[in-house]
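Each chain, letter by letter, is given below.
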Amino acid sequence: MKNILLAVTGGIAAYKAIDLTSKLTQANYDVRVMLTDHAQEFVTPLAFQAISRNPVYTNTFIEENPEDIQHIALGDWADCIVVAPATANTIAKLSVGIADDIVTSTLLATETPKFIAPAMNVHMYENKRTQHNISVLKDDEYHFIEPGDGFLACGYIAKGRMEEPLQIVKIINDYFKDKNELSHISYTSFEGKHALVTAGPTIEVIDPVRFVSNRSSGKMGYAIAEALAKRGAKVTLVAGPTQLDNPENVEVIHVESAEEMFNAVTSRYEEQDIVVKAAAVSDYTPADVLNHKMKKQDGNLSVTFKRTKDILKYLGEHKTHQYLVGFAAETQNINAYAQDKLKRKNADVIISNNVGDQTIGFQSDDNELTMHFKDGQRINIKKGKKVQLAQQILDELETRWQ
């Protein structure tokens with residue numbers, strides 16, 4: 001078992017450090033926590049003590065063991081130190097060697113590998129002084145965990161969010177694996193599991209030059225597929241026509257019609273552990289497909305359509321062990337339609353969004369979602385980049401889907 005010393009500094013993202021402590025403990029690390037005075041304005045020592053089952057350190061001058069100098073002993077005990085969140089103030093102090101609290105004193109007094117997860121306003125992060133301080137610490141062999149893009153406490157939607165706890169755990173695992181110090185640690189319940197994701201629109205052919213489709217870009221589904229792969233899942237992405245590059249470490253099956261997507265999904269369904277059906281599948285397809293281009297005629301034109309196969313309904317009717325996640329793209333009565341779909345399709349989760357809002361949903365990089373769970377829980381996910389929302393979706397599924 002490896003020892004992780006988690007240093008929590010005074011930013012609003014300190015609440016994420018509680019979850020990080022839990023995730024590290026679940027990954028079989030022995031975790032001890034240090035809190036600055038400012039961190040304690042946001043979180044309490046008791047929360048970390050309850051999760052880690054270890055003492056929490058808050059004061060350089062309170063020596064629990066008279067045989068040890070606390071800030072020296074902590075650094076010697078740890079196999080690595082993680083500062084999460086790391087404020088601009090703490091980064092600045094570390095870059096010039098100030099040691100005025102338990103965190104900075106411990107970091108200055110140890111040669112243990114150190115990981116820094118910044119969290120701050122985008123302008124603070126991009127400020128030349130902050131970037132200089134980061135550069136100094138990188139030269140001193142500090143490892144930096146890049147902040148993500150998303151909704152910040154200040155109201156901006158930009159870079160500055162502390163990386164998600166599960167991703168931090170993955171980075172720590174990978175570090176020890178690269179040093180051949182861990183044979184294997186499961187840092188996510190998705191690792192090694194089979195996951196199938198659908199994404200994008202389908203197109204239904206009328207004649208050789210015409211078809212009907214929808215505005216789906218596939219961005220949400222692609223983001224979820226990529227996020228699952230990063231968490232260790234064996235991912236198959238069944239994608240309708242999009243302009244997106246294939247995600248790394250994902251098997252991509254390109255289809256066009258609803259029938260092709262149905263066949264691709266159902267033929268692989270039995271081996272899946274989780275299915276996320278994010279594609280916008282056409283509900284109707286032309287009853288007759290013309291072999292030649294339809295010529296323009298006087299008067300109106302009528303095309304007869306027939307229903308396509310309902311993929312989500314089929315999966316719900318035939319699931320055995322699979323965890324089934326569907327999407328509901330609506331423009332009105334969103335919650336009511338999502339709840340109805342959850343029951344009718346026998347899904348475990350329905351994720352709804354308002355595609356009538358042009359700033360989110362189809363073709364946009366942003367989205368705003370609500371997750372409707374089978375047990376009646378409802379989780380609202382605020383507006384943000386789809387790549388960030390994909391992580392939040394998986395965070396919510398992580399503790400539920402098995």
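If you look the protein up in an unreviewed UniProt entry, it shows as Coenzyme A biosynthesis bifunctional protein CoaBC from Staphylococcus hominis.

Student: Mind showing me how you'd approach the UniProt feature "binding site: CTP" (unreviewed entry) in the protein here?
Tutor: Sites flagged by UniProt as "binding site: CTP" (unreviewed entry) map to Asp283, Lys293, Phe327, Lys341 and Lys345. Spanning 63 residues, the annotated positions stay apart in the fold, the maximum distance between their C-alpha atoms being 37.8 Å. Mapped onto the elements of the fold, Lys293 is located in the loop between strand E15 (284–286) and strand E16 (305–307). On the basis of relative accessible area, Lys293 is assigned to the partly exposed category, the value being 47%. In contact with Lys293, other than residues within four places in its own chain, are Asp207, Pro208, Val209 and Arg210. By secondary structure assignment, the location of Phe327 is in strand E17 (residues 323–330). The class of Phe327 is buried, set by a relative accessible area of 13%.

Student: Please clarify how the sheet that holds strand E4 (residues 80–86) should be interpreted in this entry.
Tutor: Two strands in a sheet stick together by hydrogen bonds in their backbones, pointing the same way (parallel) or opposite ways (antiparallel). Judged by pairing direction, the sheet is parallel, and its six strands sit side by side in the order E3-E2-E1-E4-E5-E6 without closing on themselves. The open sheet has two edge strands, strand E3 (56–57) and strand E6 (143–144), and neither has a second partner. By the bridge criterion, two bridges tie strand E5 (residues 114–118) to E6 in an arrangement that is parallel. Bridge assignment links Phe115 to a residue of E6, and that residue is His143.

Student: Teacher, can you tell me more about the domain arrangement of the protein here?
Tutor: Many analyses report the size of an interface as the accessible area lost when the parts associate. Per the domain assignment, the segments making up the protein are domain 1 (2–184) and domain 2 (194–398). Taken over C-alpha atoms, the centre of domain 1 sits 38 Å from the centre of domain 2. With eight residues of domain 1 at the contact, the number on the domain 2 side is nine residues. Taken together, domain 1 and domain 2 are joined by zero salt bridges. Elements represented by at least two residues in the side of domain 1 that touches domain 2 include exactly strand E7 (148–151), strand E8 (157–161) and helix H8 (165–178). Among the residues making up the side of domain 1 that touches domain 2, the classes are represented as three nonpolar, one polar and four charged.

Student: Teacher, can you tell me more about the packing of helix H9 (residues 219–230) against helix H13 (residues 386–398) here?
Tutor: Angle between the axes and distance between the axes are the two parameters that describe a pair of packed helices. At their nearest, the axes of H9 and H13 sit 8 Å apart, and the two run at 55° to each other. For the element pair H9 / H13, the angle class is oblique. Crossing of H9 against H13: the hand is right-handed. Residues Lys219, Met220, Ala223, Ile224, Ala227 and Leu228 of H9 lie in contact with H13, whose contacting residues are Lys386, Val387, Leu389, Ala390, Gln391, Ile393 and Leu394. Taken together, the residues of the contact of H9 with H13 break down into 10 nonpolar, one polar and two charged.

Student: Sorry, what's going on with the packing of helix H1 (residues 14–26) against helix H2 (residues 45–52) here?
Tutor: It is the contact of H1 with H2, at a shortest axis distance of 9 Å, that shows an interaxial angle of 10°. As far as their axial angle goes, H2 and H1 are roughly parallel. Our pair here, H1 against H2, has a crossing hand that is right-handed. In contact with Ala14, Ala17, Ile18, Thr21, Ser22 and Thr25 of H1, H2 contributes Ala47, Phe48, Ile51 and Ser52. Of the residues assigned to the contact of H1 with H2, the class counts are six nonpolar, four polar and no charged.

Student: Explanation requested: the confidence of the model for the protein in the structure shown.
Tutor: Low-pLDDT portions of the prediction should not be read for the details of their coordinates. In the predicted model, the protein carries a mean pLDDT of 89, and the fraction of residues at 70 or more is 96%. Note on residues 182–187: pLDDT under 50 across the span, and 21 contacts to partners over four residues away in sequence or across chains.

Student: Explain the sheet that holds strand E9 (residues 194–199) to me, please; I cannot follow it from the model alone.
Tutor: Pairing is mixed in the open sheet, where eight strands are placed in the order E13-E12-E9-E14-E17-E18-E19-E20. Only two strands of the sheet have a single neighbouring strand rather than two, namely strand E13 (250–254) and strand E20 (378–385). Across the sheet, the mean angle separating the axes of adjacent strands is 15° when strand polarity is ignored. As paired strands, E9 and strand E12 (residues 234–239) are joined by six bridges and run parallel to one another. Within the sheet, the bridge partner assigned to His194 lies in E12 and is Lys234. Each of strand E14 (274–277), E17 and strand E18 (349–354) is contacted by helix H11 (residues 311–318), which is oriented at about 155° to E17, the strand it contacts most.

Student: Quick question: what am I supposed to make of helix H10 (residues 258–266) here?
Tutor: Structural remark: α-helix, 3.6 residues per turn; residues separated by three or four positions point the same way. Here H10 has its buried residues at Ala258, Met261, Phe262, Ala264 and Val265. Contacts from the buried residues of H10 go to E9, strand E10 (204–207), E12, E13 and H11.

Student: Help me out: how do you make sense of the pattern of salt bridges in this one?
Tutor: It is possible for side chains of opposite charge to pair when their charged atoms get near one another. Scanning the entire structure with this criterion turns up 16 salt bridges. Ionic pairing is found between Glu164 and Arg161, a salt bridge with its closest N-O pair at 3.3 Å. For the pair shown, Glu164 and Arg161 are each scored as buried. Across the salt bridge formed by Asp340 and Arg344, the nearest N and O atoms sit 2.6 Å from each other. Separated by four residues within a single helix, Asp340 and Arg344 lie in helix H12 (residues 334–344), roughly one turn from each other.

Student: Explain the pairing of E10 to me, please; I cannot follow it from the model alone.
Tutor: Each regular strand carries side chains that alternate between the two faces of the sheet. The pairing of E10 with strand E11 (residues 210–212) spans three bridges and is classified as antiparallel. Bridge pairing links Asp207 to Arg210 in E11. Where E10 folds back onto E11 in an antiparallel hairpin, the turn is made up of two residues.

Student: Got a minute to help me understand the side chain of Asn353 in this structure?
Tutor: With respect to the helices and strands, the residue Asn353 is situated in strand E18. The buried category is assigned to Asn353, whose relative accessible area is 6%.

Thresholds applied
Residues numbered from 1 in each chain as written. Predicted model: local features only at pLDDT ≥ 70, side-chain atom pairs only at ≥ 80, totals over all residues. Heavy atoms only, no water. UniProt positions renumbered as here; feature names shortened; annotations may be inferred. Helix = DSSP H or I, 4+ residues; strand = E, 2+ residues; numbered from the N terminus. Buried < 20%, exposed > 50% of the residue type's maximum accessible area, 1.4 Å probe, protein only. Contact = heavy atoms within 4.5 Å. Pairing = 2+ DSSP bridges. Domains from an automatic or database assignment. Salt bridge = Lys/Arg side-chain N within 4 Å of Asp/Glu carboxyl O. Nonpolar A, V, L, I, M, F, W, Y, C, P; charged D, E, K, R; others polar. Axes fitted to C-alpha atoms, helices over the stretch in contact; angles between N-to-C directions. Parallel < 35°, antiparallel > 145°, perpendicular 65-115°, else oblique. Left-handed = near helix turned anticlockwise from the far one by under 90°. pLDDT = per-residue confidence, 0-100.

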